[in-house]
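Below, each chain spelled out in residue letters.
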Amino acid sequence: MLHIAEDCLQIIINELQYDLSSLYSCILVNRYWCRIAIPILWKNPSSLKGFSPSKLHNMIIFLLPKSSKKFLSDNIPEFSLTEIPYDKPLFNYISFFTQISPDLISSISQSLVNSKGYNDEKWIAEKYEKYVLEQEFYELFINNCKGLKLFYWNTSHPLFKYQGATTCFSQLCTLIINLMFLTIANLFDMTQICQNIKHLEVIECKGNIIVGLVNFIEIQRNLQSLSIDFFHEERSDIFEFIPLSSIIMKKASTLKKFIIRPFIGLLSPKILTSLINLQHLELINDMDFNMLFEGYTVEAWDEYLSITSFPNLEYLKIHDYYLPSFIKDYMLIEKSNGNILEINILKMKVHDPIYTKKLIITISKCCPKIKRFTIINIEPENFEDLKEIFLNCTQLEMLALLDSKEHNGDKLLEIISDYSPETLCEYSFNLIFTIEGLEIFFENWKKRKSPLILNIIKLRYNGSFTEHDKIIKKYFDEGVIKEYNYHDFRSF
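Residues numbered from 1 in each chain as written. Predicted model: local features only at pLDDT ≥ 70, side-chain atom pairs only at ≥ 80, totals over all residues. Heavy atoms only, no water.

Peer 1: I tried to follow the pairing of strand 7 (residues 280–285) on my own but got confused; where do I start?
Peer 2: The side chains of a regular strand alternate, residue by residue, between the two faces of the sheet. Here strand 7 lies mainly inside the structure; six of its six residues are buried. Alternating residues of strand 7 divide into His 280, Glu 282 and Ile 284 and Leu 281, Leu 283 and Asn 285, and every residue in both groups is buried. Bridge analysis of strand 6 (residues 257–261) against strand 7 gives four bridges, and the strand direction is parallel. Bridge pairing in strand 7 places Ile 259 opposite Glu 282. (Buried < 20%, exposed > 50% of the residue type's maximum accessible area, 1.4 Å probe, protein only. Helix = DSSP H or I, 4+ residues; strand = E, 2+ residues; numbered from the N terminus. Pairing = 2+ DSSP bridges.)

Peer 1: Sorry, what's going on with the environment of Tyr 18 here?
Peer 2: By the secondary structure assignment, Tyr 18 is in the loop between helix 1 (6–14) and helix 2 (20–27). Among the residues examined, Tyr 18 registers a relative accessible area of 63% and is labelled exposed. For the pair Tyr 18 and Ile 40, spaced 22 residues apart in the sequence, the C-alpha separation amounts to 9.3 Å.

Peer 1: Explain the packing of aromatic side chains here, please?
Peer 2: Remark: the centre distance and the inter-plane angle together describe each pair of aromatic rings, the angle taken between the planes. Considering all chains together, one arrives at 17 aromatic pairs under this definition. When the ring of Tyr 427 is compared with that of Phe 429, the centres are 5.3 Å apart and the planes differ by 35°; the resulting orientation is tilted. The exposure class of Phe 429 is buried, given its relative accessible area of 2%. Put simply, the rings of Tyr 427, Phe 429, Phe 433, Phe 441, Phe 442, Trp 445 and Tyr 475 pair up and form one aromatic cluster. (Phe/Tyr/Trp six-rings, centres within 6.5 Å; stacked < 30°, edge-to-face > 60°.)

Peer 1: What am I meant to see in the packing of helix 4 (residues 53–62) against helix 6 (residues 102–112) here?
Peer 2: When two helices pack together, their arrangement is captured by the angle between the axes and the distance separating the axes. In the contact formed by helix 4 and helix 6, the axes pass within 11 Å of each other and the chain directions differ by 85°. As the angle between them shows, helix 4 and helix 6 are arranged roughly perpendicular. Across from Leu 56, His 57, Ile 60 and Ile 61 in helix 4, the residues of helix 6 making contact are Leu 104, Ser 107, Ile 108, Ser 111 and Leu 112. When its residues are assigned to classes, the contact of helix 4 with helix 6 shows six nonpolar, three polar and no charged. (Axes fitted to C-alpha atoms, helices over the stretch in contact; angles between N-to-C directions. Parallel < 35°, antiparallel > 145°, perpendicular 65-115°, else oblique. Contact = heavy atoms within 4.5 Å. Nonpolar A, V, L, I, M, F, W, Y, C, P; charged D, E, K, R; others polar.)

Now the structure itself:
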């Protein structure tokens, strides 16, 4: 076999990183191939389809140092590690991990803890044993991982006190933090090591730790993605979050992705005008503005949305349960410079055909490159308006039209058949269709080159479920439908 340069072979094998069987084959070619393929295989083995969790668990347990095994035996009286039937490993596999999954560590620990029953004393003992096990596994990973890229921190273990923390976390670029488990001191320790985070997701964000979070965000040199999930409280004091709004505006010029959930009113809408290079925006509001003592009003958000421009915007999601007047999204679309590829407008309280018409017409004029479009509560009066999108957005691939009312969708199926571009290959719906309407739609779809992916949301048909399901199954067997799935309405 001809010798392939190492950097070229690295690129080739890296293309197989999610193909378990192919990676195994590469490992068996020779030592040279094995040395290159093994680190790729062990970057995140638990994500590989077909990888055995029990074998992975056993290997990690086997790699625990003797000091950890003794510590566990001393602290858990009935604990004993059975001998794992492996020879001494050829590699320090854990050193190749690029991410530490808390689910992996939790599942290994849980598998080694015997259930002690359900009274309080036994539950506390079981909880303690699991905590001690997790501590040793975290220390094993942190002392051995050399180039961690992604980490999900949702544990109270003092991770930055471990000997290998500086080496382990110094190259971290994606960090997910659950602030329920952290203190300001934890964030300070993290700030000393992690200063090159590109993608930051903050979960359970709450006022009493904002100062530490602000300092951590401020020290990052090239923050490109920020997601903030606020802690759900009945009441929140807006003044606690003013420093967070200020630091976001300070870092806004590098941000390309920005997500707020589940309550946008805790941040100042003024931040929108600072996000000049934004490509991905999600504003998700599941709570009532009245839950604040003194919060930013709906009118204030409307005002800033109307004057904000995102010329590089490619993805827009507005998901709202409480704000029927929060309807300036089409003004963002008008100023998007024609780059938007996906739009998701999910407004539970809006049943306004005039607004919907304005939104659809704006998309048809300003989004020639759009590939995916989802809208909720579309009215029958707007079915005809969709023709404009089909005629002008010739790259559209996925369409999701959802409604909380029971409208007959036969006319909509006819419009989709007659006007949608050939690129459309996925359709999601929860409208009512007659048997005849569905059959005509699928017969027309036969003439297309691409089979259809069908997503059915909370089936509410005009007729029995069995009759409609039989039609879908029939056209699936004929190849008209490539794939069909059932989804809960809440998943959208």
